[in-house]
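The primary structure of each chain is shown beneath.
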Amino acid sequence: MTEILNSTKIIQLELDLRPLRARLEGDVVGPGDADWEEARLAWNLAVDQRPAAVAIPESAEDVAAVVAFARAERLRVAPQGTGHNAGTLGDLADTILLKTHRMRGVTIDPDARTARAEAGVIWIEVVEAAAEHGLAALAGSSPDVGVVGYTLGGGLSWLARKHGIGANQVTAIEVVTASGDLVRTDWANEPDLFWALRGGGGSFAIVTAIEFNLFPVTEVYAGILWYPVEEAAEVLKAWRNWTEDLPDEMTSVGRILQFPPIPEIPEPVRGKSFVVVEAIWLGEPAEGDRLLEPLRALGPVMDTMAEMPIEGLSHLHMDPEEPVPGAGDGGMLNEVDDELIDRFVERIVGAPILSAEIRHLGGAVARRSSQHGALNSFDAPYLMFAVGLTPTPELVEAVEAVVADLRQALEPWEAEHTYMNFAETSRKSATLFSSESYHRLRRIKAIVDPTDIIRSNHPVPPAS
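Residues numbered from 1 in each chain as written. Predicted model: local features only at pLDDT ≥ 70, side-chain atom pairs only at ≥ 80, totals over all residues. Heavy atoms only, no water.

When you line up the elements, Glu58 lands in the loop between strand 4 (53-56) and helix 3 (60-72). For the pair Glu58 and Arg104, spaced 46 residues apart in sequence, the C-alpha to C-alpha distance is 9.1 Å. The residues touching Glu58, leaving out its near neighbours within four places in the chain, are Glu25, Gly26, Arg102 and Met103. A polar side-chain atom of Glu58 sits 3.1 Å from a polar atom in the side chain of Arg102. (Helix = DSSP H or I, 4+ residues; strand = E, 2+ residues; numbered from the N terminus. Contact = heavy atoms within 4.5 Å. Polar contact = N/O pair within 3.5 Å; in protein donor to acceptor, adjacent residues only side chain to side chain.)

Quick look at the structure:
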């Protein structure tokens, strides 16, 4: 590799990838290759990733070979399963992008009620495999989010108010370390690294597989109450009041949806705007109906609440299931009062925003335990996120301006710490964890990766 030192930035002019190609069962793609443009894509098509090379491993041994090559060439490695939340990675000129999407093995142990998922597995693959055995995972709201990235960041499931943060149901993690070693971590083996990986992000090792608990859930009572967007403030205030005294078995979201007039949107809602309440009830439908009475009294124009198989929850939130260009950001909220809702509605309705939501947390999400990992719990009772589609440069600028204005308007209610997986802009890593956890994470990083070879989208620097 030929390098030019330009201030503090290394610009790579040549990188001989032949030695790496010779060692991998998978593929290696460089900037001059025909499939370069496709290989470097993130899930968010608006993110322009330009790494030194892209490695596409088939196995943990392939991953170890990439790490060894990177060390020899004085490069860094950024693992990436699906490429969600890739916009915060930054400049990748000195980095090999390690795309793990071919590592797709899923194993379900119905007796132990556990699952093992390799690094490239997406949630719908685990959800469907577990459902065959009458089991459910603490999966995310989007079916094609990667299991590993979601879990390293914490993991907020529709079942989280009942069963807690996804990272704290992990039982073992298989990794390649910054020194190139293949290691299995759990409570007994490398416990500090195991602790850090459960909610501390991807700065500490490259995960090749992860094992976690499943739960005996086959059906839920869930759906969406749809109201005219003109009633957004009224509905969201009523929803907020309703959330103040709910059992842990009820999870819900208050949300503004503004659908563009494009063919991909179902005809009944295409080009229309709504305020909605999404509700998921782990219990008898009759009891769910009783709890929902105050919201139904507001007169929804559509009501899709129904019993559904657990697999149906993967599509309830209507997240895009294919890569799209977009921009968004979010944060945690200490409180949701009338003034916050008024500011929220004023800035979203009519703006170029597809979705703006407030999720109700609490329950098991807020309960601490000595058995938990780096992300022990969330103290904040609510979480906000807003996103818009950005197929043109003009829309990128417009959506980012609205989201930034919204975050600024809601700053008085913003919690001290936020949720890594919903932070789509760069944050100081100290804002993602408690002070105690952050300093422990930095000490662990200094032990397992002192030269900071492994990159993540919200990096934790090694302690000096």
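Now that the structure has been shown, we can carry on.
Here we come to the packing of aromatic side chains. A full pass over the atoms with the stated rule returns nine aromatic pairs. Residues Phe378 and Tyr419 carry aromatic rings whose centres are separated by 5.4 Å and whose planes lie at 70° to one another, so their mutual orientation is edge-to-face. One end of the pair, Phe378, is in the loop between strand 18 (355-360) and strand 19 (382-389); the other, Tyr419, is in the loop between helix 12 (393-409) and helix 13 (435-448), with 41 residues separating them in the sequence. Here Arg440 stacks its cationic end above the ring of Trp195, 3.9 Å away from the centre of that ring. (Phe/Tyr/Trp six-rings, centres within 6.5 Å; stacked < 30°, edge-to-face > 60°. Lys NZ or Arg CZ within 6 Å of the ring centre and 35° of its normal.)

Moving on, we get to the sheet that holds strand 4. Sheet architecture is open: four strands sit in the order 3-4-6-5, paired in mixed fashion. If you trace the sheet from one side to the other, it starts and ends with strand 3 (27-29) and strand 5 (76-80), each paired once. Strand after strand, the sheet turns through a mean of 20° between neighbouring axes, direction not considered. In this sheet, strand 6 (residues 95-99) lies alongside strand 5 in parallel orientation, the contact comprising five bridges. Note on strand 6: the bridge partner recorded for Gln80 is Lys99. Each of strand 4, strand 5 and strand 6 touches helix 3; the most contacted strand, strand 6, lies at about 175° to it. (Pairing = 2+ DSSP bridges. Axes fitted to C-alpha atoms, helices over the stretch in contact; angles between N-to-C directions.)

A word on the packing of helix 8 (residues 232-243) against helix 11 (residues 338-348). Closest axis-to-axis distance for the helix 8/helix 11 pair is 10 Å, and the angle between their directions is 145°. Viewed along their axes, helix 8 and helix 11 form a crossing whose handedness is right-handed. Residues Ala232, Ala233, Leu236, Lys237 and Arg240 of helix 8 pack against Asp338, Ile341, Asp342, Phe344 and Val345 of helix 11. Of the residues assigned to the contact of helix 8 with helix 11, the class counts are six nonpolar, no polar and four charged. (Left-handed = near helix turned anticlockwise from the far one by under 90°. Nonpolar A, V, L, I, M, F, W, Y, C, P; charged D, E, K, R; others polar.)

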